[in-house]
Amino acid sequence: VRTDCAAISSVPFVEDFESQPTGTSSTNSVFPFCWTRLNNGTSYGGYPYVSSTSTYNHTVGGTKGIYWYGSTTATTYGDYMYMILPRIDTDSLAINNLMLSLWAKASSTSYHPVFHVGVMNNNTDTAFTPIDTIDINGNTTWTEYIVNFSNYTGNGNYIAIRALRPSSAWYAYVDDISLDLIPTCPRVENLTANALLTSVNISWSDTSSNTGWNVEYGLTEFTPGTGVMTPIHVTDTFAVITGLDSATTYHVYVYPDCGTDVFYRHITFTTLSDVPATVPYVCDFEAA
């Protein structure tokens, strides 16, 4: 016997699925406690489900993640997949003050999963108000996606992630879902790195009113503000970092200079290798 689930009345609300039961593809298989799955598949309506396969996991030190399969077959696999968060106590938390973040990737560059994130009034039917679309678009690297609910004006109290039956089948993984207040100092978006031999060009986008950003980098992951390098402050949405070592992996953090709450983006890149200056060039791979 399991007692009823309390509504989400405070944030951050974080679910890494490590303590949740693993399921299967079979219809009516077990699903995370306090969450709801809707799938009208007759035989394989168990998607999405928690898998203990490490490939599907993003949590550091974890083993579990959500496994999605978008099939073109309507009857046995269903026309839709909904993954619905626990009910939100909207007397304590207005949905238009919230943002949802999740980590996701496709299992192959040839797969193009598309997720819709929205709000529902009832977690037992498919009525759904879409807020934003997450297009994985063949991305096989774990990537964080954020949906902002500031424009929502309805009365729903369930946030949901939905995938509809696609025209081309795909597999995808989702993990580390969190719900939090929209920050006053929001993260930058679309962070990219174009690495060269001893330098890198970093760029990003920012739709807020920010006018300054900090860029920090190092050889290992670190908490922004504690790195060994002094942050580079820029007033445009790009930065050039020079003086790097070739064939070396670096971690870069970018965050807006607009408050004490640091919401950063992180990207990893590797500089190019030196081109041999003389010939013959010999490598026996003994030091590799």
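As a reminder, the structure under discussion sits directly above these lines.
All values reported here derive from a predicted model rather than from experimental measurement.

Counting its secondary structure elements, the protein chain contains one helix and 18 strands. Seen through its principal axes, the protein chain has C-alpha atoms that stretch 70 × 45 × 35 Å. Relative to its 288 residues, the protein chain shows a buried fraction of 44%. Restricting to contacts in the protein chain with at least 6 residues of sequence separation, those with at least 24 account for 69%. Surface accessibility of the protein chain: about 14,800 Å² in total, with carbon and sulfur atoms responsible for 48%.

This next bit is on the side chain of T59. The residue T59 is located in the loop between β3 (49–51) and β4 (65–70) in this model. A distance of 2.5 Å separates polar atoms of two side chains, one belonging to T59 and the other to D176. With residues up to four places along the chain from it excluded, the contact list for T59 reads D16, E18, D175 and D176.

Quick look at the side chain of Q20 now. Within the secondary structure layout, Q20 lies in the loop between β1 (13–15) and β2 (36–38). Under the relative-accessibility criterion, Q20 is labelled buried at 6%. A polar contact of 3.1 Å, which involves the side chain of Q20, links it to the side chain of E15. Apart from the residues lying within four places of it in its own chain, the contact partners of Q20 are E15, P32, F33, W35, V50 and K64.

Time to look at the environment of H251. Note that H251 resides in strand β17 (residues 249–256). Considered as a pair, H251 and F222 are 29 residues apart in the sequence and their alpha carbons are 8.4 Å apart. At 3.2 Å, the side chain of H251 forms a polar contact with the side chain of T268.

This part is about the pattern of salt bridges. Enumeration over the complete set of coordinates arrives at three salt bridges. Among the salt bridges present, the one from R165 reaches D79, with a minimum N-O distance of 2.9 Å. Within this pair, whereas R165 is found in the loop between β10 (158–164) and β11 (170–181), its partner D79 is found in the loop between α1 (74–77) and β5 (80–84), the two being separated by 86 residues in sequence. E144 is paired through a salt bridge with R265; the nearest N and O atoms lie 3.1 Å apart. Highlighted residues: E144 in strand β9 (residues 143–148) and R265 in strand β18 (residues 265–270), separated in sequence by 121 residues. You'll find E144 and R265 in the same group, each marked buried. Residues joined by salt bridges that share partners form a network here, namely E144, E189 and R265.

Another point: the state of the cysteines. Applying the stated rule across the entire model yields one disulfide. For C5, the disulfide goes to C34, at an S-S distance of 2.0 Å. Note on the C5 and C34 pair: the S-S dihedral is about -80 degrees, so by sign convention the disulfide is left-handed. Of the two residues, C5 sits in the segment before β1 while C34 sits in the loop between β1 and β2, which places them 29 residues apart along the sequence. What makes C34 partly exposed here is its relative accessible area of 30%.

Basis of the calculations
Residues numbered from 1 in each chain as written. Predicted model: local features only at pLDDT ≥ 70, side-chain atom pairs only at ≥ 80, totals over all residues. Heavy atoms only, no water. Helix = DSSP H or I, 4+ residues; strand = E, 2+ residues; numbered from the N terminus. Buried < 20%, exposed > 50% of the residue type's maximum accessible area, 1.4 Å probe, protein only. Contact = heavy atoms within 4.5 Å. Areas by Shrake-Rupley, 256 points an atom, 1.4 Å probe, with all protein chains shown as cover. Polar contact = N/O pair within 3.5 Å; in protein donor to acceptor, adjacent residues only side chain to side chain. Salt bridge = Lys/Arg side-chain N within 4 Å of Asp/Glu carboxyl O. Disulfide = S-S within 2.5 Å.

Nothing here speaks to function; it is all geometry.
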